[in-house]
Amino acid sequence: GQQLNQSPQSMFIQEGEDVSMNCTSSSIFNTWLWYKQDPGEGPVLLIALYKAGELTSNGRLTAQFGITRKDSFLNISASIPSDVGIYFCAGRDGTASKLTFGTGTRLQVTL
Amino acid sequence: DAGVIQSPRHEVTEMGQEVTLRCKPISGHNSLFWYRQTMMRGLELLIYFNNNVPIDDSGMPEDRFSAKMPNASFSTLKIQPSEPRDSAVYFCASSWTSGSTDTQYFGPGTRLTVL
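Residues numbered from 1 in each chain as written. Chains lettered and ligands numbered in written order. Predicted model: local features only at pLDDT ≥ 70, side-chain atom pairs only at ≥ 80, totals over all residues. Heavy atoms only, no water.

## Remarks on the state of the cysteines
What counts is decided by this rule: By disulfide we mean two sulfur atoms from cysteines, separated by a distance within 2.5 Å. Segments assigned H or I by DSSP are reported as helices when at least four residues long, segments assigned E as strands when at least two residues long, and all are numbered from the N terminus. Three labels apply to residues, based on accessible area from a 1.4 Å probe with only protein chains included: buried if under 20% of the type maximum, exposed if over 50%, partly exposed otherwise in between.
If you walk through the whole model with that rule in mind, you get two disulfides over all chains. With its sulfur 1.7 Å from that of its partner, Cys23(A) forms a disulfide with Cys89(A). Note that Cys23(A) is positioned in strand 3 (residues 19-24) and Cys89(A) in strand 9 (residues 85-92), a separation of 66 residues in sequence. Accessibility assignment for this pair places Cys23(A) and Cys89(A) in one class, buried. There is a disulfide in this structure between Cys23(B) and Cys92(B), and the S-S distance comes to 1.9 Å.

## Remarks on the interface of chain A and chain B
Rules: Whether two residues are in contact is decided by their heavy atoms: any pair within 4.5 Å suffices. Every case where a carboxyl oxygen of Asp or Glu lies within 4 Å of a side-chain nitrogen of Lys or Arg is listed as a salt bridge. Gly falls in the polar group here, along with every residue not listed as nonpolar (Ala, Val, Leu, Ile, Met, Phe, Trp, Tyr, Cys, Pro) or charged (Asp, Glu, Lys, Arg).
In this complex, chain A contributes 18 residues to the contact, which on the side of chain B involves 23 residues. The interface formed by chain A and chain B holds one salt bridge in total. The set of elements that each furnish at least two residues to the side of chain A that touches chain B consists of strand 4 (31-37) and strand 9 of chain A. The dominant element in the side of chain A that touches chain B, judged by the number of residues it contributes, is strand 4 of chain A, at three residues. Looking at side-chain class alone, the side of chain A that touches chain B contains eight nonpolar, seven polar and three charged residues.

## So, the sheet that holds strand 3 of chain A
All names here are of chain A. Which entries qualify depends on this criterion: Strand pairing is assigned whenever DSSP detects at least two bridges linking the two strands. To get an axis, a line is fitted to the C-alpha atoms, and for a helix only the part in contact is used. The angle between two axes follows their N-to-C directions and goes from 0 to 180 degrees.
Read across the sheet, five strands follow the order 1-3-8-7-6 without closing on themselves; strand pairing throughout is antiparallel. Unpaired on one side and paired on the other, strand 1 (5-7) and strand 6 (55-58) mark the two borders of the sheet. With direction set aside, neighbouring strand axes in the sheet form an average angle of 15°. In terms of strand pairing, strand 7 (residues 61-65) meets strand 8 (residues 71-76) through five bridges, oriented antiparallel. The residue bridging Thr62 from the neighbouring strand is Asn75, located in strand 8.

## Looking at the side chain of Thr103(B)
Relative to the elements of secondary structure, Thr103(B) occurs in the loop between strand 9 (88-95) and strand 10 (105-106). On the basis of relative accessibility, which here comes to 12%, the residue Thr103(B) falls in the buried class. Residue contacts for Thr103(B): discarding those within four places in its chain leaves Leu45(A), Tyr50(A), Ser94(B) and Ser95(B).

## Digging into the sheet that holds strand 7 (residues 65-71) of chain B
Sheet strands pair via backbone hydrogen bonds, and the direction of the pair is either parallel or antiparallel. All names here are of chain B. Here four strands make up an open sheet; going across it, the order is 1-3-8-7 and the pairing antiparallel. Of all strands in the sheet, those bounded by a partner on one side alone are strand 1 (5-7) and strand 7. For this sheet the average axis-to-axis angle between neighbouring strands, irrespective of direction, equals 15°.

## Things to note about the pattern of salt bridges
Residue and element names in this part refer to chain B. A full pass over the atoms with the stated rule returns eleven salt bridges over all chains. Salt-bridge contacts for Arg85 lead to Glu62; the nearest nitrogen and oxygen are separated by 3.2 Å. Here Glu62 lies in the loop between strand 6 (53-56) and strand 7 and Arg85 lies in the loop between strand 8 (74-79) and strand 9, a separation of 23 residues in the sequence. Note that Asp86 and Arg64 form a salt bridge whose closest N and O atoms lie 2.6 Å from each other. Highlighted residues: Asp86 in the loop between strand 8 and strand 9 and Arg64 in the loop between strand 6 and strand 7, separated in sequence by 22 residues. Of the two residues, Asp86 and Arg64, both sit in the buried class.

## Notes on the pairing of strand 11 (residues 105-110) of chain A
All names here are of chain A. By the alternation rule, side chains of strand 11 split into Thr105, Leu107 and Val109, which are all buried, and Arg106, Gln108 and Thr110, of which none is buried. As judged from the three bridges shared by strand 9 and strand 11, these two strands associate in the antiparallel manner. Bridging across to strand 11, Ile86 finds its partner in Arg106.

The values are spatial; any link to function lies outside them.
As structure tokens, this is what we get:
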């Protein structure tokens, strides 16, 4: 099925550093979502974005809905070890409840 | 509140056997989704239900896969006969669908290994 392109595929950073990742699509989406998946668990919703240009924060996490509606960005400030995991973006085009998921960004945080 | 509940958490079976995965969505949610996750293909939507009715099953790989939702609190995904390429983690998710703001909540997944 269709997938969104996420980059980078993986990141190795030191504790305290800021992290940026993004997601791009060839299609327009009306909703962008960011999920985090820990090993052996299901994805957990971090942030939901519903309007083009919207900037939303959740603690150290900030996400933006791209103005073209074809991309979204997630930033994590002052990373900590528990930020380790796989981050997925997901988009919905508004015609149905279906989500299209990105390929994931694997984040490793070293002390 | 209990989240989405899936059982079993792990399943190991032999090729040709029937496998049934179970899901209890969050109480009050009206949409239920079955996903499959593999390293090669990532997270793929298999089928989703709204108000217990299958809405889109275009992601179901083939006739060996079937899903049912007999009531608002229970769904099954069945694979018969199973094949080694079906090995994956299968997730169930549920949401309250209202306009454009439904948010999907995922269960812990069932890791299926077909030998």
